[in-house]
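# Coordinate analysis (summary)
Listed here are the chains, written in short residue letters.
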Amino acid sequence: MEYVDKLLRETEYLNYIEKLERLEAERIFCRHGLGHLLDTARIAWIWVLEEQAFRCGFKKEQAARYVAGGETEGPGEHKAFSCGEVALPEKETVYLAALLHDLGRIQEYEEGIPHQQAGAKLARQLLCRIGYPKEKLELVVEAIEGHRDGGMRLWAAGADRESRAAGADEESRAVDEPGKNAARRAESLRQLLFWADKKSRNCFYCGARPECKWEPEKRNEGIRY
Ligand SMILES: [Fe+2]
Ligand SMILES: [Fe+2]
């Protein structure tokens, strides 16, 4: 992944992570260092791969229920699986969004700025520096800016794929309209980031459970990814 490799060679990026890990060294709740950023990236990408497999199988079984077509996708995207649904994000876009999503925590701790806002700004600077293409850059920045706002409405979460196959989730099957693809792509990446971020937490092994503000039903008591 060309741009991920470029990001990892940016001293400023590595310094942010090092500083964030230092600031959170005594934190008892979830931390946001490299381990968390990578967990989020890999969980999101596993989900995309599962989605590809799901769509592939789904197409074979129930292709007639889908409207083929939708806007032509850009190079490198998963054309074969889009079938008029929300296009799946590129691997590198997913990794960049995840690797950058919580850097703003530093400014949140030091200046009280909400980390999604501070993080979006930092992400833009770093992505510009590594020369990440403008259109894709906006997807990543928007995803980071909204990564605390709720997720998986456009997608059905992995566990709901059976109900999608039964036609229960109309929204997830909504067809991309030409001209609206960019907005839907940005929204779908944002939702995926939100969801993978939450799934990355090992609540079943957390010493801060008694003090944690997460509602019990939202905690990850098992491993799905
Ligand atoms: Fe966050
Ligand atoms: Fe996070």
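Residues numbered from 1 in each chain as written. Chains lettered and ligands numbered in written order. Predicted model: local features only at pLDDT ≥ 70, side-chain atom pairs only at ≥ 80, totals over all residues.

### Some words on the overall build of the chain
Here is the rule we go by: Strands here are runs of E lasting at least two residues and helices are runs of H or I lasting at least four, both read from the DSSP assignment and numbered beginning at the N terminus. The contact criterion used here is simple: two residues whose C-beta atoms, placed from the backbone, lie within 7 Å are in contact.
On a plain count of helices and strands, the chain comes out with 10 helices and zero strands. If you list the helices and strands of the chain from N to C, you get α-α-α-α-α-α-α-α-α-α. The contacts in the chain between residues at least 6 apart in sequence include a share of 68% that link residues at least 24 apart.

### Considering the nonpolar core
Convention followed: By convention in this section, buried Ala, Val, Leu, Ile, Met, Phe, Trp, Tyr and Cys residues joined through C-beta atoms within 7 Å make up a nonpolar core. Each residue is classified by how many other C-beta atoms fall within 10 Å of its C-beta atom, where C-beta atoms are placed from the backbone; a count of 20 or more means buried, 12 or fewer means exposed, and values in between mean partly exposed.
Among the nonpolar cores identified, the biggest contains 41 residues, and A44, A97, A98, L100, A123, V140 and L193 are the most heavily contacted of them. When contributions to this core are tallied by element, the ones reaching two or more residues are α2 (11-23), α3 (34-62), α5 (91-100), α7 (115-129), α8 (134-145) and α10 (181-199). Discounting residues that sit within four places of it in the chain, L193 has contacts with A44, A97, A98, H101, A143 and H147.

### A short note on the packing of α5 against α8
Pairs of packed helices are described in terms of their axes, by the angle between the two and the distance that separates them. Stated formally: Where helices are involved, their axes are fitted lines through C-alpha atoms of the stretch in contact, as for all axes, and angles between N-to-C directions lie from 0 to 180°. Any angle that falls under 35 degrees is termed roughly parallel, while one over 145 is termed roughly antiparallel, one within 65 to 115 roughly perpendicular, and all others oblique. Handedness of a crossing follows from how the near helix is turned relative to the far one, being left-handed for an anticlockwise turn of less than a right angle and right-handed for a clockwise one. Residues are grouped as follows: Ala, Val, Leu, Ile, Met, Phe, Trp, Tyr, Cys and Pro are nonpolar; Asp, Glu, Lys and Arg are charged; every other residue, Gly included, is polar.
Close contact between α5 and α8 brings their axes to 9 Å; oriented N to C, the two are set at 40 degrees. Taken together, the axis directions place α5 and α8 in an arrangement best described as oblique. Of the two elements, α5 crosses α8, and the hand of that crossing is right-handed. Residues T93, L96, A97 and L100 of α5 touch α8, and the partners they reach there are K136, L139, V140, A143 and I144. Its residues assigned to classes, the contact of α5 with α8 comprises seven nonpolar, one polar and one charged.

### Structural notes on α2
The line we're drawing: The span you would expect from a helix comes to 1.5 Å times its residue count less one. Each direction from the helix axis to a C-beta atom contributes to the arc, which is the arc of those directions.
The terminal C-alpha atoms of α2, which comprises 13 residues, lie 18 Å apart, in line with the 18 Å expected from a rise of 1.5 Å per residue. Looking at α2, one finds that the buried residues are Y13, Y16 and L20. Projected onto a plane normal to the axis of α2, the buried residues spread over an arc of 55 degrees and lie on a single side. Exposed positions of α2 whose direction lies more than 90 degrees from the buried face are T11, N15, E18 and R22. Residues of α2 that are buried in the fold lie against α1 (2-8), α6 (105-111) and α7.

### What to know about the environment of P114
Secondary-structure assignment places P114 in the loop between α6 and α7. Given 13 C-beta atoms within 10 Å, P114 falls into the partly exposed group. Each C-alpha atom, one on P114 and one on G104, is 7.6 Å from the other, the two residues being 10 residues apart in sequence.

### Observations concerning the environment of L20
Mapped onto the elements, L20 comes out in helix α2. The spacing of L20 and I106 is 86 residues in sequence and 5.8 Å in space, taken between C-alpha atoms. Other than its neighbours up to four places away in sequence, L20 contacts H32, G33, L103, R105 and I106.

### Thoughts on the confidence of the model for the chain
Our working definition: The predictor attaches a confidence to each residue, and that confidence, scored 0 to 100, is pLDDT.
The predicted model of the chain has a mean per-residue pLDDT of 81, with 74% of residues at 70 or higher. Per-residue pLDDT stays below 50 along residues 62-84; that stretch engages in 33 contacts with residues further than four places along the chain or on separate chains. Scored below 50 in pLDDT, residues 168-179 shows 23 contacts in the model against residues more than four places distant or in partner chains.

### Focus on the packing of α7 against α8
Put simply, α7 and α8 touch, their axes get as near as 8 Å, and they point 160 degrees apart. One element, α7, and the other, α8, form an angle in the roughly antiparallel class. Seen from above, α7 lies across α8 with right-handed handedness. Mapping the contact onto sequence places Q116, Q117, G119, A120, A123, R124 and L127 in α7 and L137, V140, V141, I144 and E145 in α8. Looking at the contact of α7 with α8 residue by residue, the classes come out as seven nonpolar, three polar and two charged.

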